[in-house]
Amino acid sequence: MSVLIFADQFQGKIKKSALEAVQYGAKVAAQSGTTATALVAGEVSAEELASLGQYGAQKVLHVADARLNELEAGTATKILAEAVAKENAAVVVFSHNFSGRAIAPQLSSRLKAGLVAGAISLPDTANGFVVKKNVFSGKAFANVNITSEKKIVSVLPNTFSLAPTDGTAAVEAFAPALTDADFRIKPLKVETISGEVPLTEAEIVVSGGRGLKGPEHWGILEDLAHALGAATACSRPVADADWRPHHEHVGQTGFTVRPNLYIAIGISGAIQHLAGVNGSKVIVVINKDPEAPFFKAADYGIVGDAFEVVPKLTAAVKKYKG
Ligand code: FAD
């Protein structure tokens, strides 16, 4: 019996959200006195693979096939099912990121394994296998007991801080039985979204709303994001009006982000917007209306005109960073 963790990569680098999943999986393995094995598909350096030991993986199964650099969910499910059998894995851990959301339900169906999607706690094994998750857009929690023999958990990104050690993992080549039919779906184009930092991985997010008046004013927001090394996001009406691309839209009907710092500029703070950002560790709101509802959810608020405040903030960040 073991714990298997899917550690997905982008352009040869293991994603931060996947490292969180590895660390979580290693803790689950330690709880039950078993071992943690990470699975990586695609071209990744031996050094990068071995570094998963820093997050608690004892072993890394590596499927070194360049055709898997951009992994399709059906193919990933097939590879993982074979790895589960090989490792006799009782628990499979994913990040609740793009790939985890696509693959975990398919694997759950194939293995007839119960799945908790978006876990925010380690399993309580004293009372079964009980995992906590957010429900109703973070307004409540549910404690879900997985009773099936095999169990799958996807871990909500930015929930568990990374604490790397100096461990290394043993890397083992893994060659699942793949055929040409497993590569029928080919991505035509892979783009890094939301500027310099992928939105759902970002530690800092700078987000704009209708208060910015039009797409031509996004330069002030991008300057601040650039100075902070942040991803950019927006409210839904902004994406609906094509001021910004839809992959920047956060909220109930968009992406959920949980960065360490979320800066909301000219966003009123409607409940549907808050649903996607209220897990952020620190929220800063810049709005000219002191009655804007967002201030109730803010850790820091600046009442002022974004066109005056944001450039000053950017200048201060640049000065601070030298
Ligand atoms: P507004 O509500 O127009 O607010 C603009 C704000 O900018 C105001 O507070 C104003 O005081 C401020 N402002 C104006 N000028 C300045 C200035 N110069 N400087 C500083 N501040 C200024 N919304 C989402 O964002 N995400 C979702 O996922 C989402 N899903 C939805 C799902 C449903 C079913 C429904 C019904 C709605 C959903 N919405 C969603 C829409 C949501 O209800 C709000 O309408 C939306 O979030 C408002 O966007 P906004 O804050 O950018 O615009």
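Basis of the calculations
Residues numbered from 1 in each chain as written. Predicted model: local features only at pLDDT ≥ 70, side-chain atom pairs only at ≥ 80, totals over all residues. Heavy atoms only, no water. Helix = DSSP H or I, 4+ residues; strand = E, 2+ residues; numbered from the N terminus. Buried < 20%, exposed > 50% of the residue type's maximum accessible area, 1.4 Å probe, protein only. Contact = heavy atoms within 4.5 Å. Areas by Shrake-Rupley, 256 points an atom, 1.4 Å probe, with all protein chains shown as cover. Lys, Arg positive; Asp, Glu negative; His and termini not counted. Charge placed at Lys NZ, Arg CZ, Asp CG, Glu CD. Near = heavy atom within 4 Å. Polar contact = N/O pair within 3.5 Å; in protein donor to acceptor, adjacent residues only side chain to side chain. 1 Å grid on protein atoms, 1.4 Å probe; cavity = no way out; pocket = protein on both sides within 12 Å on 5 of 7 lines; lining within 4 Å. Sits in = over half its atoms within 2 Å of the grid points. Nonpolar A, V, L, I, M, F, W, Y, C, P; charged D, E, K, R; others polar. UniProt positions renumbered as here; feature names shortened; annotations may be inferred. Pairing = 2+ DSSP bridges. Axes fitted to C-alpha atoms, helices over the stretch in contact; angles between N-to-C directions. Points joined across faces, edges and corners; volume = space filled by probe spheres on them.

Caption draft 1: Summary view of the overall build of the protein chain. When helices and strands are counted, the protein chain shows nine helices and 16 strands. For the protein chain, the spread of C-alpha atoms along the three principal axes comes to 60 × 45 × 40 Å. Going through the 322 residues of the protein chain one by one, you find that 48% of them count as buried. Put simply, 65% of the contacts in the protein chain that link residues at least 6 apart link residues at least 24 apart. In the form shown here, the protein chain has an accessible surface area of approximately 15100 Å², with 54% of it arising from carbon and sulfur atoms. The centroid of the 31 positive side-chain charges in the protein chain is displaced by 5 Å from the centroid of its 31 negative side-chain charges.

Caption draft 2: Just the site of the ligand, in detail. Taken together, 26 residues surround the ligand, and among them Lys213, Ser235, Thr253, Ser268 and Asn287 come closest. One of the backbone nitrogen or oxygen atoms of Gln252 is found 3.0 Å away from an oxygen atom of the ligand. Within the backbone of Ala306, a nitrogen or oxygen atom sits 2.8 Å from a nitrogen atom of the ligand. Its atoms largely coinciding with the cavity grid, the ligand occupies the second largest pocket. Elements with a contribution of two residues or more to the shell around the ligand: helix H6 (236-240), helix H7 (271-274) and helix H9 (306-321). In the shell around the ligand, the residues fall into six nonpolar, 14 polar and six charged.

Caption draft 3: Local environment of the UniProt feature "domain: Electron transfer flavoprotein alpha/beta-subunit N-terminal" (unreviewed entry) in the protein chain. As annotated by UniProt and renumbered to match this structure, "domain: Electron transfer flavoprotein alpha/beta-subunit N-terminal" (unreviewed entry) occupies residues 3-187. Secondary structure content for residues 3-187 is 27% helix and 29% strand, and the end C-alpha separation is 30 Å.

Caption draft 4: Inspection of the pairing of strand E12 (residues 204-208) at higher detail. Counted residue by residue, E12 has four buried out of five residues, so it is predominantly covered. Of the pairings in the sheet, the one linking E12 to strand E14 (residues 261-265) comprises five bridges and is parallel in character. Bridge assignment links Gly208 to a residue of E14, and that residue is Ile265. The sheet contact formed by E12 and strand E13 (residues 231-234) spans four bridges and is parallel. From the neighbouring strand, Ser207 faces E13, where its bridge partner is Ala233.

Caption draft 5: Examining the side chain of Lys15 more closely. Examined against the element boundaries, Lys15 turns out to sit in the loop between strand E3 (13-14) and helix H1 (16-31). Not counting residues up to four positions away in its chain, the partners in contact with Lys15 are Asp8, Gln9, Phe10, Asn97, Ser99 and Glu201.

Caption draft 6: Summary view of the sheet that holds E12. Taken in spatial order, the five strands of this open sheet run E13-E12-E14-E15-E16, and their pairing is parallel. Two strands bound the open sheet, and with one partner strand each, they are E13 and strand E16 (300-303). Between one strand and the next, the sheet's axes are offset by a mean angle of 15°, whatever the strand orientation. Where E14 lies against strand E15 (residues 282-287), five bridges are found, and the strand directions are parallel. Of the residues in E15, the one forming a bridge with Ala264 is Val285. Set on the sheet, H9 makes contact with E14, E15 and E16; between it and E15 the angle comes to about 135°.

Caption draft 7: Broad picture of empty space enclosed by the protein. Using the criterion set out here, one finds one cavity of 30 Å³ or more in the structure. One number sums up the size of the largest cavity: a volume of about 30 Å³. Glu20, Gln23, Tyr24, Lys27, Leu122 and Phe160 together form the lining of the largest cavity. Of the residues belonging to the lining of the largest cavity, the class tally is three nonpolar, one polar and two charged.

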